[in-house]
Amino acid sequence: MASFSTSSAKAGSSVGGGGWAKAKHQSAGGGGSTLERIQQIELEISRTQKNKATAKHLGELKAKLCKLKRDMLEPSGGGGGKVAGFEVQKIGDARIGLVGFPSVGKSSLLTALTGVQSEAAAYEFTTLTCIPGVIYYNDIRIQLLDLPGLIVGASTGKGRGRQVIATAKSCDIILMVLDPTKDDAQKEMLTKELENVGIRLNKKPPDVTVRPTKGGGLKFQATVPLNHFDEEVCATVLKQYKMHNADVLVREDVTVDEFIDVIDGNRKYCKCIYVYNKIDLLKLEEIDELARRPQSVVVSVQNKWNYDYLLRKSLLEDFKHAFVLGSSVKQSPQVCGKDHILHDQDVVQIVKLTQAEKAKALHGKKTGTTIAGSNIKVEKKKEDKAPLKS
């Protein structure tokens, strides 16, 4: 006859009751430090098959995982504090952050573009603090930050990773500096570290509205067919955030991860340009392949190749309007679009789209005669009226 153990383990050692009890304990996120609980949940997610039958369970695990990561990144009340060298005042029309693994040429790129001397050498971890510089390009002032090199595990705090990524979160644009002599795993690992702390690269906010209510339970509505998300998974995720009464409107085919991004709210949707430095070490056909990739620029700091093209890929997508003072306008200041022709000695202040305005502009919601969040005019539809009879 088979025997089954029902004994419980001593407190603080392990979980008794066999493998099933351990699996339940891990799925609940219980036991150990926050980092250990995160690793337990990530392990179970990787072991769980992805299908309709497990969608609800996976949604619950991912919601717990998101909350644990947020708790780990938020500073505790008793310790920590500001780290010297990372508190940099934001100036100029935009802030751009240089992100990358150690020794990929970030410091050299900052010096080449701004003239600011950031310590550079042929060994890793040369830069230990945040070094700011300013680019003046076509009368636009851009603040460029050289951040210390990231390492794998930066999102959990390794190598001052939390401070580096927190500063990166304040940037309008991320320049991810990559080594073209290495494979694409470096790009994937950097993207994962940034994703872990809520930075979404080259993505738009999900078109989902969640409005908490005082009663009535969950009211779920989708205006498009959903392939990865449904009302049951929605209710499971909201339960983890203790939201039992809410109106949810889904306007695009979202995943459970994208829905959690909406609920959590602490997300930064940021444009990223992938900068491949040291292209002087590559063959011409390899350079051509890299240059044709989306959102990518190839440069060589050592030979000063392709700087102008790198600087041009910046503010146009975030441009809302500009205040112009000078002889080119009838009254000063005057709101102008990007096609306005400036005169010599005109003063320009650029106003960028906010995150909410960019989201509305991407989804194309119309208000009046413009697309919400932009200065794009929408032509009025002509109504076909029947001729009047005399």
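Read on for a plain summary of the structure. Residue positions within a chain follow its written sequence, with the count starting from 1. For this predicted model, a pLDDT threshold of at least 70 governs which residues receive local features, and a threshold of 80 or more governs which side-chain atom pairs are given and counted, while totals over whole chains, interfaces and linings are taken from all residues. The side-chain values count all of the structure's non-hydrogen atoms but skip hydrogen atoms and water molecules.

### Observations concerning the sheet that holds strand β6 (residues 208–212)
Working step 1: By the convention used here, strands pair only if DSSP detects at least 2 bridges between them. Counting from the N terminus, the helices are the DSSP runs of H or I reaching at least four residues and the strands are the DSSP runs of E reaching at least two. The three strands are arranged β6-β8-β7 in an open sheet whose pairing can be described as mixed. Across the chains shown, the open sheet's two edge strands, defined by having one partner strand only, are β6 and β7 (218–222). Each adjacent strand pair in this sheet contributes to an overall mean axis angle of 10 degrees, direction not counted.
Working step 2: Two elements, β7 and strand β8 (residues 246–250), share five bridges in a ladder whose sense is parallel. Bridge pairing links leucine 218 to alanine 246 in β8.
Working step 3: Should any heavy atoms of two residues lie within 4.5 Å, those residues are counted as being in contact. Between N-to-C directions, angles cover 0 to 180 degrees, with each direction set by a line fitted to C-alpha atoms, over the stretch in contact for helices. Sheet strands in contact with helix α7 (residues 231–240) are β7 and β8, and its direction is about 135 degrees off that of β7.

### Examining the environment of glutamine 302
Working step 1: Along the chain, glutamine 302 falls in the loop between β10 (296–298) and α10 (307–312).
Working step 2: Along the primary structure glutamine 302 and isoleucine 279 are separated by 23 residues, whereas in three dimensions their C-alpha atoms are 9.6 Å apart.

### Thoughts on the sheet that holds strand β11 (residues 319–325)
Working step 1: Overall, antiparallel pairing links the three strands, which are arranged β12-β11-β13 in an open sheet. Unpaired on one side and paired on the other, β12 (334–336) and β13 (347–352) mark the two borders of the sheet. Going across the sheet, the axis of each strand differs from the next one's by a mean of 30 degrees, ignoring polarity.

### Looking at the pattern of salt bridges
Working step 1: Any Lys or Arg side-chain nitrogen located within 4 Å of an Asp or Glu carboxyl oxygen qualifies as a salt bridge. Scanning all chains against the criterion turns up 14 salt bridges.
Working step 2: Lysine 56 is paired through a salt bridge with glutamate 232; the nearest N and O atoms lie 3.8 Å apart. In this pair, lysine 56 is assigned in helix α3 (residues 55–73) and glutamate 232 in helix α7, connecting sequence segments 176 residues apart.
Working step 3: Each residue is placed in one exposure class: buried if its accessible area under a 1.4 Å probe, protein chains only, is under 20% of its type's maximum, exposed if it is over 50%, and partly exposed if it falls in between. In this structure lysine 56 comes out as partly exposed when scored by relative accessible area, which is 41%.
Working step 4: Linking glutamate 289 and arginine 293 is a salt bridge whose minimum nitrogen-to-oxygen distance equals 3.1 Å.
Working step 5: Taking the relative accessible area as the measure of exposure, arginine 293 reaches 22% and is therefore partly exposed.
Working step 6: A network of salt bridges, in which partner residues are shared, links Glu195, Arg200, Lys203, Asp261, Asp264 and Arg267.

### Examining the packing of aromatic side chains
Working step 1: Any Phe, Tyr or Trp ring, taking Trp's six-membered ring, that has another such ring centre within 6.5 Å forms a pair; planes under 30 degrees apart are called stacked, those over 60 apart edge-to-face, and the others tilted. In this structure the tally under the stated criterion is two aromatic pairs.
Working step 2: When the centroid spacing of 6.1 Å and the interplanar angle of 55 degrees are considered together, the rings of phenylalanine 220 and phenylalanine 229 count as tilted.
Working step 3: Given the relative accessible area of 5%, phenylalanine 229 is considered buried.
Working step 4: A centroid spacing of 4.7 Å and a plane angle of 40 degrees characterise the contact between phenylalanine 229 and phenylalanine 259, whose relative ring orientation is tilted.

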